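Tertiary structure, described
Okay, here's what each chain looks like letter by letter:
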Amino acid sequence: MPTVSLVLGSGGARGLAHIGVIRWLEENGYRIRSIAGSSMGALVGGIHAAGKLDVYADWVGALERVDVLRLLDLSLSRHSLFKGERIIAKLRELIGEHDIESLPIRYTAVATDIERQREVWLDRGSLFDAIRASVAVPMVFAPVRRNGRLLVDGGLVNPMPVAPVLNSDADLIIAVNLGAHASRQTVMRTESGGPAPADASVLVETPFRASEMTERVRSFVMSLWPGEDDDTPEEAPDLVMLMSRSLDCMQTQITRLRLATHSIDAVVEIPRNLCGFFEFYRARDLIAYGYDAAGQQLADLAAMRSPAQLPGR
């Protein structure tokens, strides 16, 4: 059975596609030996390393738009829009407490030390403490103070954390890039604006529309400055979309450099406009998309069943 070191990139709700990739790998005879992830890659990878990915997939697959809104705990501080504690508390309840050292799969979450401007590898201690730090998107979720360091989203400095798995003795290194070239079509919507069928095969071009969550965030932000006119051009992206596109722009460039620097056996490419940053209520279709993308893009590897036939590094 070929063994794999898996690198899971950052990208908001697109990270749910990681679940589909992991399922495809396991169903096709690959054994995941180690995982490194940033942001949503750290979340999905950590839950899989704890052996609870199906539990998480069932839960997130049942979420509706209003459920996502309820998981966002509005912050009244000057550090972030949301505290980020409610979702982590729910995940702790759902998955249970785990120490990274005791996980059956070697695991590293990547965060950013914002004061020293460097990446931090979190491979010891509480699993969800590490995940919470790695997903702390600046301005969106509050930063985390850990061991004297102020930590935020790992995707800021390393959205594709290959280095933590380079010394693994796995047969393959496979990465999942959530910032691949944008599709000319908006992938996850039907012509009616509802979610796509479960096979995620219908690609229909539709315009971006502000979500209910975005409108609530905008109302909150505007309430901080009552009476001020909003002179932003109407064609400009909304608050969350602007943040998401800005992060995507930065992370896409960093990811290209990381992939060019390190030797990776295969990359599953997920388009960066697959869905909105907070569209976790599209989980089933995002998971299906990741599964199909892995099947299509890893077909050559699937044809090589013996480790002796697999490409060396």
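Residues numbered from 1 in each chain as written. Predicted model: local features only at pLDDT ≥ 70, side-chain atom pairs only at ≥ 80, totals over all residues. Heavy atoms only, no water.

A few words on the nonpolar core. Soluble globular proteins tend to bury their nonpolar side chains together. Core analysis: the largest hydrophobic core is formed by 75 residues, its most contacted members being Tyr56 and Tyr107. Dropping the residues within four chain positions of it, tyrosine 107 is found in contact with Ile35, Ala42, Gly45, Gly46, Ala49, Ile100, Leu122, Asp123, Leu127 and Ile131. Ranked by size, the runner-up nonpolar core spans eight residues in total, among them Val7, Met160, Val162 and Val165. (Core = buried A, V, L, I, M, F, W, Y, C linked by side-chain atoms within 4.5 Å. Buried < 20%, exposed > 50% of the residue type's maximum accessible area, 1.4 Å probe, protein only. Contact = heavy atoms within 4.5 Å.)

Once that is clear, we can look at the environment of glycine 45. In this fold, glycine 45 is placed in helix H2 (residues 40-49). Accessibility expressed as a relative area gives 0% for glycine 45, which makes it buried. Here the alpha-carbon distance between glycine 45 and leucine 6, two residues 39 residues apart in the chain, equals 8.5 Å. Those residues within four positions of glycine 45 in sequence are excluded, and the remaining contacts are Leu8, Ile35 and Tyr107. (Helix = DSSP H or I, 4+ residues; strand = E, 2+ residues; numbered from the N terminus.)

The subject of this paragraph is helix H1 (residues 17-27). Of all the eleven residues making up H1, eight are buried; the element is thus mostly covered by neighbouring parts of the structure. Along H1, the residues that are buried comprise Ala17, His18, Ile19, Gly20, Val21, Ile22, Trp24 and Leu25. Looking at the residues trailing H1, positive phi occurs at glycine 29, about 85°.

For the coordinates displayed, the defined rule picks out six aromatic pairs. Ring geometry for phenylalanine 82 against phenylalanine 141: centres 6.2 Å apart, planes inclined by 45°, an arrangement best described as tilted. One end of the pair, phenylalanine 82, is in strand S3 (residues 80-82); the other, phenylalanine 141, is in strand S6 (residues 139-141), and 59 residues separate them in sequence. For the pair formed by phenylalanine 82 and phenylalanine 141, the shared burial category is buried. Relative to phenylalanine 278, the ring of phenylalanine 82 lies with its centre 6.4 Å away and its plane at 75°, an arrangement referred to as edge-to-face. Highlighted residues: phenylalanine 82 in strand S3 and phenylalanine 278 in the loop between strand S10 (266-271) and helix H9 (283-297), separated in sequence by 196 residues. An aromatic cluster is defined as three or more aromatic residues linked by ring pairs; in this entry it consists of Phe82, Phe141, Phe277 and Phe278. (Phe/Tyr/Trp six-rings, centres within 6.5 Å; stacked < 30°, edge-to-face > 60°.)

We now examine the pairing of strand S2 (residues 31-38). S2 sits mainly inside the fold: six of its eight residues count as buried. As a crossover connection, the stretch from strand S1 (residues 3-8) through H1 into S2 is right-handed. (Right-handed = clockwise from strand over helix to strand, strands pointing away.)

Turning our attention to the side chain of threonine 108. Relative to the helices and strands, threonine 108 resides in strand S4 (residues 106-113). Apart from the residues lying within four places of it in its own chain, the contact partners of threonine 108 are Ile35, Ala36, Gly37, Trp121, Leu122, Asp123 and Pro164.

Moving on to the pattern of salt bridges. Taken as a whole and judged by the stated rule, the model has eleven salt bridges. A salt bridge links arginine 92 to aspartate 129, with the shortest nitrogen-to-oxygen separation between them at 2.6 Å. Remark: aspartate 129 occurs in helix H6 (residues 127-134) and arginine 92 occurs in helix H5 (residues 85-95); sequence separation between them is 37 residues. The exposure class assigned to arginine 92 is partly exposed, which follows from its relative accessible area of 23%. For aspartate 129, a relative accessible area of 36% gives the class partly exposed. Glutamate 279 serves as the salt-bridge partner of arginine 282, at 3.5 Å between the closest nitrogen and oxygen. Given a relative accessible area of 7%, glutamate 279 falls into the buried group. (Salt bridge = Lys/Arg side-chain N within 4 Å of Asp/Glu carboxyl O.)

Moving on to empty space enclosed by the protein. For the structure shown, the criterion picks out four cavities of 30 Å³ or more. Approximately 350 Å³ is the volume found for the largest cavity. Along the walls of the largest cavity sit 22 residues, with Met40, Leu43, Ile87, Phe141 and Phe280 positioned nearest its centre. Elements with a contribution of two residues or more to the lining of the largest cavity: H2, helix H3 (53-61) and H5. The residue makeup of the lining of the largest cavity, split by class, is 18 nonpolar, three polar and one charged. (1 Å grid on protein atoms, 1.4 Å probe; cavity = no way out; pocket = protein on both sides within 12 Å on 5 of 7 lines; lining within 4 Å. Points joined across faces, edges and corners; volume = space filled by probe spheres on them. Nonpolar A, V, L, I, M, F, W, Y, C, P; charged D, E, K, R; others polar.)

Next up on the list: the confidence of the model for the protein chain. For the protein chain, per-residue confidence averages 81 on the pLDDT scale, and residues scoring 70 or more make up 73% of the total. With pLDDT under 50 throughout, residues 224-237 is counted as low confidence; its partners more than four residues away or in other chains account for five contacts. (pLDDT = per-residue confidence, 0-100.)

Where H1 contacts H3, the two axes come as close as 11 Å, and the packing angle between them is 140°. With respect to H3, the element H1 is oriented oblique. In this structure, H1 meets H3 at a crossing whose hand is left-handed. Residue-level inspection shows Ile19, Ile22 and Arg23 of H1 in contact with H3, the latter providing Leu53, Asp54, Tyr56 and Ala57. Tallied by class, residues from the contact of H1 with H3 come to five nonpolar, no polar and two charged. (Axes fitted to C-alpha atoms, helices over the stretch in contact; angles between N-to-C directions. Parallel < 35°, antiparallel > 145°, perpendicular 65-115°, else oblique. Left-handed = near helix turned anticlockwise from the far one by under 90°.)

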